[in-house]
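Per-entry structural report
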Amino acid sequence: MMTAGAKDTITYDIHSGLSHWVVSDSLQDKQGFLWFSTWNGLNRYDGARFITYDSLSIAGNRINAIIEDSRGRIYVGTDEC
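Just so you know, these numbers come straight off a predicted model, no measurement behind them.

1. Some points on the confidence of the model for the chain
Scored by pLDDT, the chain comes out at a mean of 84, with 81% of its residues at no less than 70. The weakest mean pLDDT in the chain belongs to strand β6 (residues 74-78) at 87; the strongest belongs to strand β1 (residues 23-28) at 94.

2. Some thoughts on the environment of G17
Along the chain, G17 falls in the segment before β1. Distance in space between the C-alpha atoms of G17 and F50 is 5.6 Å, their sequence separation being 33 residues.

3. Thoughts on the pairing of strand β5 (residues 63-68)
Here five bridges tie β5 to β6, and the two strands are oriented antiparallel to one another. Residue I66 lies in a different strand from β6, and its bridge partner there is V76.

4. A few points about the pattern of salt bridges
Taken as a whole and assessed by the stated rule, the structure comprises one salt bridge. Measuring nitrogen to oxygen at the nearest pair gives 2.7 Å for the salt bridge that ties R73 to D69.

5. Quick look at the sheet that holds strand β2 (residues 34-38)
Strands sit in the order β1-β2-β3-β4 across an open sheet of four strands; the sheet is antiparallel. Single-partner strands in this sheet number two, and they are β1 and β4 (50-53). For this sheet, the mean inter-axis angle between neighbouring strands, taken without regard to orientation, is 20 degrees. Two strands pair when backbone bridges link them, and strand β3 (residues 41-45) and β4 are joined in this way by four bridges, in the antiparallel orientation. Looking across to β4, one finds that N43 is bridged to T52.

Reading the values: the criteria
- Residues numbered from 1 in each chain as written.
- Predicted model: local features only at pLDDT ≥ 70, side-chain atom pairs only at ≥ 80, totals over all residues.
- Heavy atoms only, no water.
- pLDDT = per-residue confidence, 0-100.
- Helix = DSSP H or I, 4+ residues; strand = E, 2+ residues; numbered from the N terminus.
- Pairing = 2+ DSSP bridges.
- Salt bridge = Lys/Arg side-chain N within 4 Å of Asp/Glu carboxyl O.
- Axes fitted to C-alpha atoms, helices over the stretch in contact; angles between N-to-C directions.

What follows is the structure in structure tokens.
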């Protein structure tokens, strides 16, 4: 039983599918996806699984920041930029 004001906590880690245990930023986009920037790529969570975008699709793996613009486009900041 939950009491008023109680919150559920979900923990994601490398065993859940994150690409690294260091998460530098996070974002929930307009579509409801959760995004996590890590030291080993960008991760998108759809509620069931993680997809990792790494150096093959992004210049540099160490992602430091993540933002969404008014059109829903996702931008990241890396150590390489």
